[in-house]
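In case you want the letters, here they are:
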Amino acid sequence: MKALIIYMSVHHKNTEKIAMEMAEVLDADLMKAYEANEKDISRYDLIGFGSGIYFFRHHRKLLEFAEKLVAKKKKAFIFSTYGGGSPKIYHKLLRKKLAKKGFRIIGEFSCKGYDTFGPLKFIGGINKGKPDEKDLKRAREFAKTLINSSHSSKYEKN
Ligand SMILES: Cc1cc2nc3c(=O)[nH]c(=O)nc-3n(C[C@H](O)[C@H](O)[C@H](O)COP(=O)(O)O)c2cc1C
């Protein structure tokens, strides 16, 4: 099984840490959303799509990339890091776009990430040190389940 992870991580590289951890387990190639093109997708059996959450959704570049894709009956998974709130809801738009393109979403993962956006920087940010070792372990375990899985979800428990 050949896997590709397409991601964006622009705030504190929180999501990049998760992406790299998953890539190691899956022996996946890693690409930023602006580096990937449609042709890349066809060479892989499993595609991961992930980013930080910015204004209640995945990064614009990732959403635009999903929008550009032609229908593919391929396996996919979604992941994110976020400051607070409900990742299940934050994933909704990307999940919908990928499903519309024919992707079969076999898993979703999320964890909190260090966040200093806006006024949060005046209090030193929230979720300092996250993702931490425990989160990276969860990411590895999640990635393992994708290898044989039909479906798995690991949302951060608030
Ligand atoms: C412009 C901006 C908007 C954000 N909006 C949200 C949001 O709507 N919900 C949330 O939970 N976190 C939000 N965050 C926090 C990020 O999702 C969080 O810090 C994430 O781990 C960043 O990932 P990255 O370091 O990979 O970019 C926002 C951060 C920034 C910079």
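Placed above this text is the structure.
Each chain has its residues counted from 1, running along the sequence as written. Where totals are concerned, whole chains, interfaces and linings use all residues; where local detail is concerned, this predicted model gives features only for residues with pLDDT of at least 70, and gives and counts side-chain atom pairs only at 80 or more. Side-chain metrics rest on all non-hydrogen atoms present in the structure, leaving aside hydrogens and water.

Undergrad: What should I look at first to understand the overall build of the protein in this one?
TA: A run of H or I in DSSP becomes a helix once it reaches four residues, and a run of E becomes a strand once it reaches two; helices and strands are each numbered from the N terminus. Along the protein, the regular secondary structure elements total six helices and seven strands. For the protein, the sequential pattern of α-helices and β-strands runs β-α-β-α-β-β-α-β-α-α-β-α-β. A radius of gyration in this sense is built from C-alpha atoms; the matching globule rule multiplies 2.2 Å by the number of residues raised to 0.38. Radius of gyration (C-alpha) of the protein: 15 Å, near the 15 Å computed for a compact globule of 158 residues. By principal-axis analysis of the C-alpha atoms, the protein measures approximately 45 × 30 × 25 Å. Between buried and exposed lies partly exposed: a residue is buried under 20% and exposed over 50% of the maximum accessible area for its type, with that area taken using a 1.4 Å probe on protein chains only. With 158 residues in all, the protein has 53% of them scored as buried.

Undergrad: Explain a nonpolar patch on the surface to me, please; I cannot follow it from the model alone.
TA: Patch building starts from residues that exceed 30% relative accessible area and form no salt bridge, then joins like charges within 9 Å and nonpolar side chains (Val, Leu, Ile, Met, Phe, Trp, Tyr) within 5 Å. Shrake-Rupley sampling with a 1.4 Å probe provides the accessible areas, and residues are treated as covered by the protein chains on show and by no other component. Salt bridge criterion: a side-chain nitrogen from Lys or Arg within 4 Å of a carboxyl oxygen from Asp or Glu. Judged by side-chain polarity, Phe55, Phe56 and Phe117 come together as a nonpolar surface patch covering roughly 410 Å² of accessible area. Inspection of the secondary structure puts Phe56 in the loop between β3 (46–54) and β4 (57–58). Take Phe56: its relative accessible area is 61%, and that puts it in the exposed class.

Undergrad: Can you walk me through the packing of helix α1 (residues 14–26) against helix α6 (residues 133–148) in this structure?
TA: To obtain an axis, a line is fitted to C-alpha atoms, over the contacting stretch when the element is a helix, and the angle between two such axes runs from 0 to 180 degrees between their N-to-C directions. In contact at an axis separation of 8 Å, α1 and α6 are set at 40 degrees when each is read in the N-to-C sense. Judged by the angle between their axes, α1 and α6 are oblique. The handedness of the crossing between α1 and α6 comes out as right-handed. Side by side, α1 and α6 meet where Lys17, Ile18, Glu21, Met22, Val25 and Leu26 of the first sit next to Asp135, Leu136, Ala139, Arg140, Phe142, Ala143, Lys144, Leu146 and Ile147 of the second. Working definition: roughly parallel below 35 degrees, roughly antiparallel above 145 degrees, roughly perpendicular at 65 to 115 degrees, and oblique for all remaining angles. Each crossing is labelled by how the near helix is turned from the far one, with a counterclockwise turn of less than a right angle marking it left-handed and a clockwise turn marking it right-handed. In this analysis, two residues are considered to be in contact whenever any of their non-hydrogen atoms come within 4.5 Å of each other.

Undergrad: Looking at this model, I keep getting lost on the site of the ligand. Mind explaining?
TA: Close contacts around the ligand come from 21 residues, with Ser9, Thr15, Ile53, Tyr54 and Thr81 the closest. One of the side-chain N or O atoms of Ser9 is found 2.5 Å from an oxygen atom in the ligand. Throughout this description, a polar contact denotes any pair of N or O atoms lying within 3.5 Å of each other; where both atoms belong to protein, one of them has to be capable of donating a hydrogen while the other can accept it, and for residues adjacent in sequence the pair is counted only when both atoms sit in side chains. In this structure, Val10 approaches the ligand through a main-chain N or O atom, which is 2.9 Å from an oxygen atom. The protein chains hide 92% of the 640 Å² of surface that the ligand would expose on its own. Counting residues per element, the ones that place at least two in the shell around the ligand are α1, β3 and β5 (75–82). When residues in the shell around the ligand are grouped by element, the largest group, three residues, is from β3. Amino acids outside the nonpolar list (Ala, Val, Leu, Ile, Met, Phe, Trp, Tyr, Cys, Pro) and the charged list (Asp, Glu, Lys, Arg) are all regarded as polar, and Gly is one of them. Classifying every residue of the shell around the ligand gives nine nonpolar, ten polar and two charged. Note on definitions. A residue lies near a molecule or strand when any single heavy atom of the residue is within 4 Å of it.

Undergrad: So what exactly am I meant to see when it comes to helix α5 (residues 92–100) here?
TA: Note: α-helices contain 3.6 residues per turn, so residues at a spacing of three or four share the same orientation. Within α5, the full set of buried residues consists of Leu94, Lys97 and Leu98. Relative to the axis of α5, the buried residues are bounded by an arc of 95 degrees and lie together on one face. Of the residues in α5, the exposed ones pointing more than 90 degrees away from the buried face are Lys92, Lys96 and Lys100. Elements that come into contact with the buried residues of α5 comprise β3, β4, α3 (60–68), β5 and β6 (104–112). Phi turns positive one or two residues past the end of α5, at Gly102, with a value near 95 degrees. Directions drawn from the helix axis to the C-beta atoms are what define this arc.

Undergrad: What is the right way to look at the pattern of salt bridges in this model?
TA: Proximity of charged atoms lets side chains of opposite charge pair with each other. In the structure shown here, the tally under the stated rule is nine salt bridges. A salt bridge links Glu108 to Arg95; the nearest nitrogen and oxygen atoms lie 2.7 Å apart. In this pair, Glu108 is assigned in strand β6 and Arg95 in helix α5, connecting sequence segments 13 residues apart. Here Glu108 falls in the buried class, since its relative accessible area comes to 5%. Between Lys137 and Glu141 there is a salt bridge; the shortest N-O distance is 3.4 Å. With Lys137 and Glu141 both in helix α6 and four residues apart, the pair spans about one turn of that helix.

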